[in-house]
Amino acid sequence: MPELPEVQNFAQSIQSNYVGKKFKNIIFHRDNLRYPFEKAKLEKIFANGIEFLNCYREGKQIILQTSNGSVTISLGMTGAFKAANQNEVEKHQHITLNFKNGESLAFVDPRRFGFWKVFDSKELKKTSCDPLVETDLLELFLSEVVKNKCISVKDMLMDQKLIGGIGNIYALEALFLAEILPTTRCVDLSITKWKKLAKEIPIILNQAIALGGSSISTYRSFKGDKGSFQTLHKVYGRENEKCLKKGCQGNIKRIAQSGRSSWYCPDCQF
Ligand SMILES: [Zn+2]
């Protein structure tokens, strides 16, 4: 499932390759993904001659803004954007945005859990905290909402209502760097550890963005490459391997936590 770095990678690629150009039309190659497409409204937003004003990430979603409205896009499990050819439609390509200059941008999604929704400003609540900003994270962590929670710190990090865009991989990697056991309850964590965690999260996410994300399963970046952050995973997927922390003799363990795997080093995370 794409996490923040993967979503950011698509938003940046679309921003730098297409913003400022004019649309020709939007073509649907099926009627729905997770939800039925609001075809008439989307056709208006991407109508002939409409200008592409902006593309950015909001939590784990991508916003496309045109001079005629905006769309919120979720990549779901396997959604991706790629440059396309106006005359060819590949397998799993569900939407094509055609530009007047002959270029095309395709949305592909083999498992079809993604969605395109017309962006309604009435629905826009100030969303969750942005995990790229250390001070925002620290403010959230030290707030009553989080500090007194009895759930584990890992489950809290992955709660999209609190923080947008951290999933299993980056939660576990950040907890490793901050030397915190994923199962520790929020209420039991010291201020020092919260500070460490708030510092490590933006560092790790920015590293992953720079490397084009992690290629787990089907993820491909806009350019079609796999992203290389997974070569830097220190705990994720490394069961029984040696801990990579300098001077630590531990071996990485895997446990099931809230229905998903957690990897950690029992010697240096507590
Ligand atoms: Zn260790």
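All figures in this text were calculated on a predicted structure; none of them were measured in a lab.

## Remarks on the nonpolar core
Working step 1: Counting 41 residues, the largest nonpolar core has F141, M156, L157, I163, W194, L197 and I201 as the members making the most contacts within it.
Working step 2: Counting residues per element, the ones that place at least two in this core are α3 (134-141), α5 (153-157), α6 (168-177) and α7 (191-210).
Working step 3: Looking at this core, the element that brings in the most residues is α7, giving eight residues.
Working step 4: Among residues more than four places away in sequence, those in contact with W194 are L138, F141, L142, V146, K147, V153, M156, C186 and L189.
Working step 5: With 31 residues, the next largest nonpolar core counts F10, F107, V108 and F222 among its residues.

## Description of the domain arrangement of the protein
Working step 1: Taken domain by domain, the protein comprises domain 1 (4-123) and domain 2 (134-264).
Working step 2: Once you take the C-alpha centre of each, domain 1 and domain 2 turn out to be 29 Å apart.
Working step 3: Counting residues at the interface gives 19 residues for domain 1, matched by 15 residues for domain 2.
Working step 4: The largest per-residue losses of area from domain 1 upon contact with domain 2 belong to L4, P5 and E6, which jointly make up 40% of the total buried on that side.
Working step 5: Counting across the domain 1 and domain 2 interface gives zero salt bridges.
Working step 6: Where domain 1 meets domain 2, there are two residue pairs in polar contact (both at pLDDT 80 or more).
Working step 7: For the side of domain 1 that touches domain 2, the secondary-structure elements that each account for two or more residues are α1 (4-18) and β5 (80-84).
Working step 8: Its residues assigned to classes, the side of domain 1 that touches domain 2 shows eight nonpolar, seven polar and four charged.

## Considering α6
Working step 1: Counting buried positions along α6 yields nine of ten residues, so the element is predominantly enclosed.
Working step 2: What α6 keeps buried is the set N168, I169, Y170, A171, L172, E173, A174, L175 and F176.
Working step 3: Against the buried residues of α6 lie α1, α5, α7 and β10 (260-264).

## Describing the packing of aromatic side chains
Working step 1: As enumerated under the stated definition, the model contains 14 aromatic pairs in all.
Working step 2: Centre to centre, the rings of F23 and F52 are 5.2 Å apart; their planes meet at 40 degrees, and the pair counts as tilted. Of the two residues, F23 is situated in strand β1 (residues 23-28) and F52 in strand β2 (residues 52-58); the sequence distance between them amounts to 29 residues. Side by side, F23 and F52 carry an identical accessibility label, which is buried.
Working step 3: Put simply, the rings of F10, Y18, F23, F46, F52, F81, F99, F107 and W116 touch in pairs and so form one group of aromatic residues.
Working step 4: For the cation-ring pair, K193 lies above F270, with the distance from its terminal atom to the ring centre recorded as 3.7 Å.
Working step 5: The residue whose ring lies beneath K245 is F176, and the NZ or CZ to ring-centre distance is 4.3 Å.

Criteria and thresholds
- Residues numbered from 1 in each chain as written.
- Predicted model: local features only at pLDDT ≥ 70, side-chain atom pairs only at ≥ 80, totals over all residues.
- Heavy atoms only, no water.
- Core = buried A, V, L, I, M, F, W, Y, C linked by side-chain atoms within 4.5 Å.
- Buried < 20%, exposed > 50% of the residue type's maximum accessible area, 1.4 Å probe, protein only.
- Helix = DSSP H or I, 4+ residues; strand = E, 2+ residues; numbered from the N terminus.
- Contact = heavy atoms within 4.5 Å.
- Domains from an automatic or database assignment.
- Buried area = accessible area lost by both parts, 1.4 Å probe.
- Salt bridge = Lys/Arg side-chain N within 4 Å of Asp/Glu carboxyl O.
- Polar contact = N/O pair within 3.5 Å; in protein donor to acceptor, adjacent residues only side chain to side chain.
- Nonpolar A, V, L, I, M, F, W, Y, C, P; charged D, E, K, R; others polar.
- Phe/Tyr/Trp six-rings, centres within 6.5 Å; stacked < 30°, edge-to-face > 60°.
- Lys NZ or Arg CZ within 6 Å of the ring centre and 35° of its normal.

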